Each structure stands twice: as structure tokens, then as C-alpha cells.
Amino acid sequence: MEVARAAAIHVRVRRPEVFGPNARQSGVGGHEESVQTKSTPTDPVTVVDTETEQLLRGLLAERRSGDAILGEEGGGRTDSVAGVRWILDPIDGTVNFLYGLPAYAISVAAQIDGVSVVGVVVDVARDIVYTAARGRGAFATTSDGTATRLACNPIEDVSLALVATGFGYSSSRRTAQGRMIGQLLPRVRDIRRVGSAALDLCMVASGAVDAHFEHGLSPWDWAAGSLIAEEAGAVLRLPSPSSSSAEGAVTVAVAAGIDAEFLELLGEVGALAPIPTD
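Residues numbered from 1 in each chain as written. Predicted model: local features only at pLDDT ≥ 70, side-chain atom pairs only at ≥ 80, totals over all residues. Heavy atoms only, no water.

Structural notes on the nonpolar core
Considering soluble globular proteins, one finds that nonpolar side chains tend to be buried as a cluster.
Piece 1. Val121, Tyr130, Leu150, Val163, Phe213, Ile228 and Phe262 are the most contacted members of the largest nonpolar core, which has 58 residues in total.
Piece 2. With 8 residues, the top contributor of residues to this core is helix H5 (residues 197-206).
Piece 3. A domain-level breakdown of this core finds at least three residues from each of domain 1 (1-149) and domain 2 (158-269).
Piece 4. Residues within four places of Val163 in sequence aside, it is in contact with Val188, Asp190, Ile191, Arg192, Ala211, Phe213 and Phe262. (Core = buried A, V, L, I, M, F, W, Y, C linked by side-chain atoms within 4.5 Å. Buried < 20%, exposed > 50% of the residue type's maximum accessible area, 1.4 Å probe, protein only. Helix = DSSP H or I, 4+ residues; strand = E, 2+ residues; numbered from the N terminus. Domains from an automatic or database assignment. Contact = heavy atoms within 4.5 Å.)

Below is the structure:
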């Protein structure tokens, strides 16, 4: 919680410094020196992403100098998950961060032998800290220090489920995901696309949505949020802890009252199969 909160403070301070105090569509022009791209031209990384991961790595090194670290921007070993490994996403929802949409998060998790045992997700804009430790429940702590235990919605009918999802950056994956959404939408309450998988998983935990599924998430996208959802009572289906986004495996978190029905529905529309990139 200490290192994630410090990172969130850094992000709040740096955004107006980098993009201007009144920036909204800040990634659209005039700030090219602060924004680069990764897998596709629509997959951005900002100077604040890299700064924030460096901050997280430094703070963890002070406290846990012998542990492995895997981060979205700084990399790390993905072929070995033995022992303790910290998994970092300095800004999950970078496109939202660029445009000034208030839905981006810091995600910090600790895994032991590939299993998440501690997870912290900070909703930066709302200043809410979501936390979980395996076997100890999940909580949301607001800026005034009030902590609330989280629990998934007691839903029992998948047709009434509000479902969160996300889309990949490659056109081929988006095409496949669009087809699936077209088949799924008539059979659930509605679909939400927030733009941060970490926050989607925390929304399952808090009851803001009933389920989340998405293809092609990397470990830093789900390592913390999935534990928070699980400790709030969600049923999970996760990629391998050594997986990569390119493999396109699906991540699912769903309220326990509809888990079997929802997974069956995902299977019927082909959403349980991977969607690899070309």
C-alpha cells in the first residue's frame, strides 16, 4: 500500500506538469516528446508511465531487495515464476490518462510461485485504494481512511449481469472481440468498457459490475485485481502466470451466483478460446 500510494501521488503531480494544468486531450497533439507507442500506434506509453515504474522499483528494492520484479515498462523474467515476484503496472489505463478520463490505476501485486498473495490497486483519480491478501478478504479504502470490506453482487441470473470487458490493440483481435460482443450483448444486461482491466476486476469485487472478461491481458494487468476480486467472492479463470499478451488467453472474474452460467455463455460465443495476435 505504501509504494502504490506513493506512485499514485507521483502520477497526480506529474500529469499537469507534463501535459499542462488544464490538459484534457493531452495526448492528441503538442506533447509528442512525452508519448511513445509500443505494440501498435494506438498503444501508448508516456514518460509518466516509465517514471512511475522506476519509482515503484526503487521503493520495493529498499524493502525487498532480493525479490524478482516484473513490470510493464521495465520488463523482467517471465519464464520463471518460482519464489517471490512483484508484478507492477505503473499506469493501467494509459489512454484514459492521456485523454484525462478519470479511470486509470496503479497496480502492485506479490506472487509466490506464480500465485498472487497480495494485491493493491489504486484508483488514482478517485483516490480509492483496493487491497487484498490471500485468505484475508478484500477492502476499499477511501481518502479519509474509511475501509469497507468488498463483496461481489448476489446475482443469480446471467441475463441481468452487467459485464465489463476490454479490447486489444491489434485489428485482428479487435475484430474477433467485436463479433463476440455482438453475440453476448443480447444475452446480458449490458456491456461496460472502462479502459483499465485492473479497475474492471476491482469493480467485480465491489459490485459495480457482475463480471469481467478480456483476452490478451499480461500478468501486470490481472495479478493484483484478480486477487481482489477472488477475495471478494468472485470465481476466476486466469492465464498462466508466465503468459504473454500475444498468446491471447482469456481472463474471467465473475460473481459466484452466475459463474457456471456465465462461463457456459462465454463458451457458446467462443470467448473461452484464446485470441492470439498475428
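Structural notes on the pairing of strand E6 (residues 115-123)
Piece 1. Pairing geometry for strand E5 (residues 105-112) and E6, over 8 bridges, is antiparallel. In the strand pairing of E6, Ala110 is matched with Val118.
Piece 2. Taking the residues between adjacent antiparallel strands as the criterion, E5 and E6 are bridged by 2 residues, where Asp113 takes a positive phi near 55°.
Piece 3. Pairing analysis gives 6 bridges linking E6 to strand E7 (residues 128-133), with the strands arranged antiparallel. Paired with Val118 across the bridge in E7 is Ala133. (Pairing = 2+ DSSP bridges.)

Focus on the packing of aromatic side chains
Piece 1. Following the criterion strictly, the structure yields 3 aromatic pairs and no others.
Piece 2. Between Phe213 and Phe262 the ring centres are 6.4 Å apart and the planes differ by 65°, which places this aromatic pair in the edge-to-face class. Placement of Phe213 in strand E12 (residues 211-215) and of Phe262 in helix H7 (residues 259-268) is noted, with a sequence separation of 49 residues between them. An identical accessibility class is assigned to Phe213 and Phe262; each is buried.
Piece 3. Each member of the aromatic cluster is reached from another via a ring pair, and the members are Phe19, Phe97 and Tyr104.
Piece 4. Its end group placed over the ring of Phe97, Arg15 keeps NZ or CZ at 5.6 Å from the ring centre. (Phe/Tyr/Trp six-rings, centres within 6.5 Å; stacked < 30°, edge-to-face > 60°. Lys NZ or Arg CZ within 6 Å of the ring centre and 35° of its normal.)

Description of the domain arrangement of the chain
Piece 1. Parsing the chain into structural domains produces domain 1 (1-149) and domain 2 (158-269).
Piece 2. Using only C-alpha atoms to locate each centre, domain 1 and domain 2 end up separated by 20 Å.
Piece 3. Both faces combined, the contact of domain 1 with domain 2 buries some 2,300 Å², and carbon together with sulfur accounts for 65% of it.
Piece 4. Summed over the three residues of domain 1 that lose the most area to domain 2, namely Asp92, Tyr130 and Arg134, the buried surface amounts to 19% of that side.
Piece 5. The tally of links between domain 1 and domain 2 comes to 1 salt bridge.
Piece 6. With its nearest N and O atoms 3.1 Å apart, the salt bridge here joins Glu230 to Arg134.
Piece 7. Viewed at the interface, domain 2 and domain 1 are joined by 10 residue pairs in polar contact (both at pLDDT 80 or more).
Piece 8. Every element with two or more residues in the side of domain 1 that touches domain 2 is listed here: strand E3 (68-71), strand E4 (84-92), helix H3 (94-99), E5, E6 and E7.
Piece 9. Here the side of domain 1 that touches domain 2 takes 7 residues from E6, the largest share from any one element. (Buried area = accessible area lost by both parts, 1.4 Å probe. Salt bridge = Lys/Arg side-chain N within 4 Å of Asp/Glu carboxyl O. Polar contact = N/O pair within 3.5 Å; in protein donor to acceptor, adjacent residues only side chain to side chain.)

Here's the deal with unusual backbone geometry
Trans peptide bonds make up the majority, and among non-glycine residues the majority have a negative phi.
Piece 1. You will see that Asp113, though not glycine, has its phi angle at about 55°, which is positive.
Piece 2. In the Ramachandran plot, Asp127 falls in the positive-phi region, its phi being about 55° despite a non-glycine side chain.
Piece 3. Secondary-structure assignment places Asp127 in the loop between E6 and E7.

Describing H5
Piece 1. Where burial is concerned, most of H5 is hidden: 9 out of the 10 residues are buried.
Piece 2. Inspection of H5 places Ala197, Ala198, Leu199, Asp200, Leu201, Cys202, Met203, Val204 and Ala205 among the buried residues, and these make up the whole buried set.
Piece 3. At the exit of H5 stands Gly207, carrying a positive phi of roughly 90°.

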